[in-house]
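What follows is the residue order along each chain.
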Amino acid sequence: MADGEKLIPINIEEQMKSAYIDYSMSVIVSRALPDVRDGLKPVHRRVLFGMHELGIKSTGAYKKSARVVGEVLGKYHPHGDTSVYDSMVRMAQDWSVRYMMVDGQGNFGSVDGDSPAAMRYTEVRMQKISEEMLSDIEKDTVDHKLNFDDTLKEPTVLPTRIPNLLVNGASGIAVGMATNMAPHNLTEVINGTIAYIDNRDIEIDELMQHVKAPDFPTGGIIYGYDGVRDAFHTGRGRIVMRAKATIEEVKGRECIIVNEIPYQVNKADMIKKTADLVNDKKLEGIASIRDESDRKGMRIVYVLKRDAIPNIVLNKLFKYTQLQTSFSVNNIALVNGRPEQLNLKQLIHHFVEHRHEVVVRRTKYELAKAEARAHILEGLIIASDNIDEVITIIRGSSNADEAREKLMERFELTEIQARAIVEMRLRQLTGLEQDKLRAEYDEIIKTIADLKDILSNEERRYNIIKDELLYIKEKYGDERRSTIEYAGGDMRIEDMIPNSKVVVTISHAGYVKRTNLDEYKVQNRGGRGQKGATTRNEDFLEHLFVGTNHQYMLFFTQKGKVFWMRVYEIPEGGKNTKGRAIQNLINIEQDDKVKAFLVTGDLKDEDYINSHYVIMATKKGQVKKTPLEQYSRPRANGINAITIKEGDELLEAKLTTGDSQVMLALKSGKAIRFEESKTRPMGRTASGVRGITLGNEKDEVIGMVSVNDMESNILVVSEKGYGKRSNLEDYRITNRGGKGVKTLNISEKTGELVAIKNVDDSNDLMIINKSGLTIRMAVEDLRVMGRATQGVRLINIKNNDSIAAVAKVLHEKEESENGTEIENDDNENQE
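Residues numbered from 1 in each chain as written. Predicted model: local features only at pLDDT ≥ 70, side-chain atom pairs only at ≥ 80, totals over all residues. Heavy atoms only, no water.

### Brief notes about the overall build of the chain
Working step 1: Of regular secondary structure, the chain possesses 19 helices and 43 strands.
Working step 2: By the compact-globule yardstick of 28 Å for 831 residues, the chain is too spread out, its C-alpha radius of gyration being 41 Å.
Working step 3: Here the C-alpha coordinates of the chain stretch approximately 150 × 80 × 50 Å along the principal axes.
Working step 4: Burial statistics for the chain: of 831 residues in total, 50% are counted as buried.
Working step 5: A separation of at least 24 residues holds for 71% of the contacts in the chain among residues at least 6 apart in sequence.
Working step 6: Within the chain, one finds 120 positive and 128 negative side-chain charges whose respective centroids are separated by 7 Å. (Helix = DSSP H or I, 4+ residues; strand = E, 2+ residues; numbered from the N terminus. Rg over C-alpha atoms; globule rule 2.2 N^0.38 Å. Buried < 20%, exposed > 50% of the residue type's maximum accessible area, 1.4 Å probe, protein only. Contact = heavy atoms within 4.5 Å. Lys, Arg positive; Asp, Glu negative; His and termini not counted. Charge placed at Lys NZ, Arg CZ, Asp CG, Glu CD.)

This is the structure in structure tokens:
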């Protein structure tokens, strides 16, 4: 160690802490966050001020970008040249900023993510609107501070007339915080600002009548208003953006044409990723993608396959590609040098306060100038009134200083006035010039009075702010680019799909399809039936139900798992087609099998899911009740619905409101009826309680009915085609877990029981044989009989065929709203 040096021990933890805090403060305050007043970060402010100092006006010639960058680097911004040039480039891109601040000439990149040319090739000048951000800067309207080497002064903020933070937004990542502010429409923001000036107590909702939503440079659609409302009220919100797409026919092929994409989406990347999804078969229905964009505008063409439904493909594009993205608003800006999260009203308030300060400082500056000039004019007027004496004094003086002193003494002038008189030109002695002096003096006295009035009258100052804003609006205001779909957030894919009635069928081997209900016709009782579906050898239809496209479907498997789908997601097939294997649609295990479905309403509706229950029954007679809410968030791989004991399997699941009655029927012809309230709600993983006691080991539960309407009848069907409709009252209410009462006289002729349903005259029956034959009949054709009878023949069974499944559907004739009957024809379900 050299002489005179000493070591000072420092705690490394403290040193790192203080060093990092200094660094983070520097990043927050002088790099990453915009100032709430002019909406600029230091680098943007320095670029604009540098161009102003160089005199590169919007009306002048372009100058090389490198020259501006050099000016900014050398004088104000001691960082890398790329940071300056990149910032300047962004201010010249019409797809990056809503109102461009820099007018660029040359290659400034593209919306496809192409990089701009190097700064030695491109040229820039100011845009007219950025001159408005610097107007009055020479009138001491803002504070200046020394630059990095204390040789020059730079402004701490610009005296902007543009509410730039709202209009152009900002984004930046500091340390421990970030900002992401959306751009808005200048006309709307100025209207909102004027409304705020007129009424300081204005509510944010009232401001939102003026500033409706962000307005992105690339246009597009703001989809849903909830995120916008959150952003305006709290300063945080998630705004969903969609591309503007239309469906057109091009050369005989249906195409989706996209003309506007969401903000900050790289078009080339988006198209490439979409093509990859198409190639990987994750996006079906698209034959090819072409980018036909040119200097006239954007045009991306998605050519569809012949059998594709355009709306469904478009919605898949929204779901899987960047045609729909979100903008997470986080309004953090520097207020008096401190970062703050701001809502719409606060942003407008801080801008108005800044404008007010600028107007006050400008007025004070102009007043000081005017008073100084008036002071000189007073001296000049005195001189012109006594011109001969003045000339005599000046001629008799040996030098200018002596002349000044003599004048000051003779006419009681100040030094400034005396100097002005000594430096007077001879031409000012003419009569015309003397009149001009007096006229100028009178004018300046009026100006002084006016400026003093401005300083003493706050209302007048705010009127000046309003007038200047209106001028800006008239000069630079334009139409919105982004359209708003207010209902968008609540609007989902299904809004593109008609909510028509469909029949969903599932075969024994697990093939599923949906078919329009209109394809099935009513036949009379005892008919032979018509072919319902083409199935593979030895496969037969096992499940059938009627629902609408928009409903949710829960699939319950025999192992007790539940999967989730929307009806419209099931592939459509004609009545005679096979359908798709369920394994391809839901991730079901190889040895598992779908046994029951629930068709429910909206699973995102809190009231709905909390007021409904799922009742399940197993083959061995266990029942279990669980709130629907437990199944409102299924995952792609399914979730456990019930724990199934060994040797048992799930048979049925029904949706109830908690106050219905439950009926279970056994193969042996016995049935039990008990109140649903006898089973308490349990969690998803419970295995349930005993519902019915089986007659013997071979016996099993064949079906469960949940009854809400006490007027409805109970229909049972046996495997040889016999069925019977009885009153619900014939089955007395017993306790859960009993042996049940006889429901049908089982004999060789009837075969064992296969189905139990609750029906009324408004239902039709769909009966499916194992051979694939279907028959549809009206329930009203079946008379009500006693409980212990054998029933009537519903369907003629040929040879060794037997009934596989029975489903009830709505009657073909339905009451219309005005009470008249309408035939269920082809047009009924078209929207």
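From this point on, the discussion continues.
### Examining the sheet that holds strand β30 (residues 661-666)
Working step 1: On the basis of which strands lie adjacent, the open sheet formed by four strands has the order β33-β30-β31-β36 and antiparallel pairing. Only two strands of the sheet have a single partner each, and these edge strands are β33 (701-707) and β36 (741-742).
Working step 2: Pairing geometry for strand β31 (residues 670-675) and β36, over two bridges, is antiparallel. The residue of β36 that forms the bridge with A671 is V741. (Pairing = 2+ DSSP bridges.)

### Some thoughts on the environment of V72
Working step 1: Residue placement: V72 occurs in helix α3 (residues 65-75).
Working step 2: The spatial distance from the C-alpha of V72 to the C-alpha of V43 is 8.6 Å, given a sequence separation of 29 residues.
Working step 3: With residues up to four places along the chain from it excluded, the contact list for V72 reads R46, V47, G50, H77 and V84.

### Let's talk about the packing of aromatic side chains
Working step 1: For the structure on display, the rule yields seven aromatic pairs.
Working step 2: Ring pairing ties together the aromatic residues F216, Y263 and F327, which thus form one cluster. (Phe/Tyr/Trp six-rings, centres within 6.5 Å; stacked < 30°, edge-to-face > 60°.)

### Examining the pairing of strand β16 (residues 338-341)
Working step 1: In terms of strand pairing, strand β15 (residues 332-335) meets β16 through four bridges, oriented antiparallel. Bridged to A333 within β16 is E340.
Working step 2: From the end of β15 to the start of β16, which pair antiparallel, there are two residues, and N336 there has a positive phi angle of about 55 degrees.

### Notes on α3
Working step 1: Within the span of α3, buried status applies to S65, V68, V69, E71 and V72. The buried residues of α3 occupy one face: seen down the axis, they fall within an arc of 160 degrees.
Working step 2: Its buried side turned inward, α3 meets α2 (42-54), β1 (63-64), α4 (81-90) and β3 (123-126). (Arc of directions from axis to C-beta.)

### Topic: helix α9 (residues 226-234)
Working step 1: Of all the positions in α9, only G227, V228, A231 and F232 are classed as buried. For α9, the angular spread of buried residues about the axis comes to 130 degrees, placing them on one side.
Working step 2: In this fold, the buried residues of α9 make contact with α8 (204-207), β8 (221-223), β9 (236-242), β14 (324-330) and α12 (344-385).
Working step 3: Positioned one or two residues after α9, G235 has a phi angle of 90 degrees, which is positive.

### Regarding the packing of α12 against helix α17 (residues 458-476)
Working step 1: In the contact formed by α12 and α17, the axes pass within 10 Å of each other and the chain directions differ by 110 degrees. With respect to their mutual orientation, α12 and α17 come out roughly perpendicular. In contact with F351, V352, E353, R355, H356, V359, V360 and R362 of α12, α17 contributes E458, R461, Y462, I464, I465, E468 and L469.
Working step 2: In terms of residue class, the contact of α12 with α17 is made up of eight nonpolar, one polar and six charged. (Axes fitted to C-alpha atoms, helices over the stretch in contact; angles between N-to-C directions. Parallel < 35°, antiparallel > 145°, perpendicular 65-115°, else oblique. Nonpolar A, V, L, I, M, F, W, Y, C, P; charged D, E, K, R; others polar.)

### What about the UniProt feature "coiled-coil region" (unreviewed entry) in the chain?
Working step 1: In the UniProt entry, the feature "coiled-coil region" (unreviewed entry) is given for residues 434-468.
Working step 2: Secondary structure across residues 434-468 divides into 97% helix and 0% strand, with the first and last C-alpha atoms of the span separated by 36 Å. (UniProt positions renumbered as here; feature names shortened; annotations may be inferred.)

### Comments concerning the side chain of D103
Working step 1: The topology assignment puts D103 in strand β2 (residues 102-105).
Working step 2: Polar contacts involving the side chain of D103 include one to the side chain of Y62, which spans 3.0 Å.
Working step 3: For D103, the contacting residues outside a window of four places in its chain are Y62, E123, V124, R125, M126 and Q127. (Polar contact = N/O pair within 3.5 Å; in protein donor to acceptor, adjacent residues only side chain to side chain.)

### With respect to unusual backbone geometry
Working step 1: Phi at D140 is positive, roughly 55 degrees, even though this residue is not glycine.
Working step 2: Examined against the element boundaries, D140 turns out to sit in the loop between α5 (128-134) and β4 (144-146).
Working step 3: Residue classification places D140 among the partly exposed positions, given a relative accessible area of 45%.
Working step 4: Despite not being glycine, E412 has its phi angle at roughly 55 degrees, a positive value.
Working step 5: One can find E412 in the loop between α14 (400-411) and α15 (415-422).

### What to know about the confidence of the model for the chain
Working step 1: Residues of the chain with pLDDT of at least 70 account for 92%, and the chain-wide mean is 87.
Working step 2: Low confidence marks residues 812-831, where pLDDT is under 50. Its contacts with residues over four positions away, or in another chain, come to 25 contacts. (pLDDT = per-residue confidence, 0-100.)

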